[in-house]
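# Observations on the model geometry
The chain contents come next:
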Amino acid sequence: MVAHLKGGVHYPRSTGEFQSWFATDADCLDYLDWLRWPQGFVCPRCQNPGGWRVADGRYKCACCAKRTAVTAGTLFDRRRTPLTVWFTVCWQFATAKDGVSAQSLQRTLEFGSYQTAWAMLHRLRSVLVRPGRDRLTGTVEVDETYFGGEEPGLRGGRQRGKKVLVGVAVELRETRGFGRCRMAVLADASAASLEGFVTENIEEGSTLVTDAWSSYPPAVRDRYVHKPINVKRSGQPAHVVLPGVHRVASLAKRWLASTHQGRFDEAHLSNYLNEFVFRFNRRRSTSRGLLFYRLLELAVDHDPVRYRQLVANSKSKKVPPVPQGRRGHPPSLDRPQAERPWRSAP
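Reference entry: report on the structure contained in this document. (Residues numbered from 1 in each chain as written. Predicted model: local features only at pLDDT ≥ 70, side-chain atom pairs only at ≥ 80, totals over all residues. Heavy atoms only, no water.)

## Considerations on the packing of aromatic side chains
A complete count under the given rule lists 20 aromatic pairs for this structure. Judged by centre distance (5.4 Å) and plane angle (80 degrees), the ring pair of Trp37 and Tyr59 falls under edge-to-face. Remark: Tyr59 occurs in strand β2 (residues 59-61) and Trp37 occurs in the loop between α2 (25-36) and β1 (51-53); sequence separation between them is 22 residues. Taken individually, Trp37 and Tyr59 each receive the classification buried, so the pair is uniform in this respect. Over the ring of Tyr146 we find Lys163, and its NZ or CZ is 5.1 Å from the ring centre. Across from the ring centre of Phe147, 5.4 Å away, lies the NZ or CZ of Lys253, which sits over that ring. (Phe/Tyr/Trp six-rings, centres within 6.5 Å; stacked < 30°, edge-to-face > 60°. Helix = DSSP H or I, 4+ residues; strand = E, 2+ residues; numbered from the N terminus. Buried < 20%, exposed > 50% of the residue type's maximum accessible area, 1.4 Å probe, protein only. Lys NZ or Arg CZ within 6 Å of the ring centre and 35° of its normal.)

## Section: the nonpolar core
Counting residues in each nonpolar core, the largest one holds 72 residues, and the members touching the most others are Tyr31, Phe87, Met183 and Phe292. Not counting residues up to four positions away in its chain, the partners in contact with Phe292 are Pro12, Phe18, Phe22, Tyr31, Phe87, Cys90, Trp91 and Ala94. Residues Leu186, Leu208, Tyr216 and Val220 belong to the second largest nonpolar core, which totals 17 residues. (Core = buried A, V, L, I, M, F, W, Y, C linked by side-chain atoms within 4.5 Å. Contact = heavy atoms within 4.5 Å.)

## Observations concerning helix α12 (residues 288-300)
The terminal C-alpha atoms of α12 lie 19 Å apart, and with 13 residues this matches the ideal 18 Å at 1.5 Å per residue to within 8%. Taking burial as the measure, the 13 residues of α12 include ten buried ones, the bulk of the element. Within α12, burial applies to Gly289, Leu291, Phe292, Tyr293, Leu295, Leu296, Glu297, Leu298, Ala299 and Val300. Structurally, α12 contributes buried residues whose contacts are with α1 (15-21), α2, α3 (83-95), α5 (114-125) and α11 (269-281). (Expected span 1.5 Å × (residues − 1).)

## With respect to a positive patch on the surface
Together, Arg173, Arg176, Arg283 and Arg284 make up a positively charged patch on the protein surface. The exposure class assigned to Arg284 is exposed, which follows from its relative accessible area of 59%. (Patch = residues over 30% accessible without salt bridge, like charges linked within 9 Å, V, L, I, M, F, W, Y side chains within 5 Å. Areas by Shrake-Rupley, 256 points an atom, 1.4 Å probe, with all protein chains shown as cover. Salt bridge = Lys/Arg side-chain N within 4 Å of Asp/Glu carboxyl O. Lys, Arg positive; Asp, Glu negative; His and termini not counted. Charge placed at Lys NZ, Arg CZ, Asp CG, Glu CD.)

## Considerations on unusual backbone geometry
Non-glycine residue Ala65 carries a positive phi angle of around 65 degrees. Backbone geometry at Arg78 places phi at a positive 55 degrees, although glycine is not the residue there. Tracing the chain through its elements places Arg78 in the loop between β3 (67-68) and α3. Of the residues examined, Arg78 reaches a relative accessible area of 68% and is grouped as exposed.

## What to know about the pairing of strand β4 (residues 139-147)
Most of β4 sits inside the fold, with eight of its nine residues counted as buried. Sheet analysis places β4 next to strand β5 (residues 164-172), joined by nine bridges and oriented antiparallel. For Val142, the partnering residue across the bridge sits in β5 and is Ala169. Pairing of β4 with strand β7 (residues 207-211), which is carried by three bridges, proceeds in the parallel orientation. Looking at β7, one finds that Thr139 is bridged to Thr207. (Pairing = 2+ DSSP bridges.)

## Some details on the sheet that holds β4
Pairing between the strands of a sheet comes from backbone hydrogen bonds, and it takes one of two forms, parallel or antiparallel. Taken in spatial order, the five strands of this open sheet run β6-β5-β4-β7-β8, and their pairing is mixed. Looking at which strands have only one partner, the edges of the open sheet turn out to be β6 (178-185) and β8 (225-229). Strand-to-strand twist across the sheet, computed as the mean angle between neighbouring axes with direction ignored, equals 25 degrees. The pairing of β5 with β6 spans six bridges and is classified as antiparallel. Considered in β6, the bridge of Val166 is made with Val185. Packed onto the sheet, α11 meets β4, β5 and β6 and runs at close to 175 degrees relative to β6. (Axes fitted to C-alpha atoms, helices over the stretch in contact; angles between N-to-C directions.)

Here's what the structure looks like:
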């Protein structure tokens, strides 16, 4: 990881700069090489920091002799789509303020099928949660809400139907405004479910502001400073008593309704929530190119995500895929020279 990032040197600052930097697969591969091993190649098997590039473009470890491709073990492992297309998708995903839908991506990049665009976006959403990320601190509002709209026969509250229950936590700033947020799908509103959500996303010792739901006291126990508020007795609407969680939940629902037309499957809702949290927590970023850099940084540190992991009822293909060399993909071994930090030495 680079300590001090600079626009125009470590990441593109504009769409024009992006297009000039990543015109070929070789350009993209060099950038991933630099992102994955900024201090030089490190063998993923023996962790030895030494090796050299062989004729097929892979690295050979100086210690165990294992050969490793730059994209092996990353989100781009065994890809069928050219890296130039992958980078374009990443750029659109990171730079669009409200994100991009699979249908819009299919139309603009002229993919042959909707499933290709859908799978690429869901693969990107799956890497947005950084392992070991900092938990929320300070004063944090916590509540639950339902995604999925109204249902006939349900009177609201915490009744479970086809709708999906989601936990919401938002940092409150001392002056005004909100800090970071976290959202996650909950199995139910029991103390066990709420305890898992709270302990995973909020640092112990923080102050929790909740409503008077009976599951919260056993969920927070003595690890947090709990300040419950009885909304009914307060005489004020819930969005006034707990403004943070209601504001974030409302923004998330409007984002789903606008960018994705309100269409989502329960199995994939957590991925959409991860994308919303990623965007909300970086809403004050002044550089969209830096978000592109962060996205690729997460992608090279993430394990491969296969299509069968994304679909609910996956079935193996009876027809074998076409070999990569017959798909007309751009070459990936021609490496033009340029003066950028990730460029390979001649």
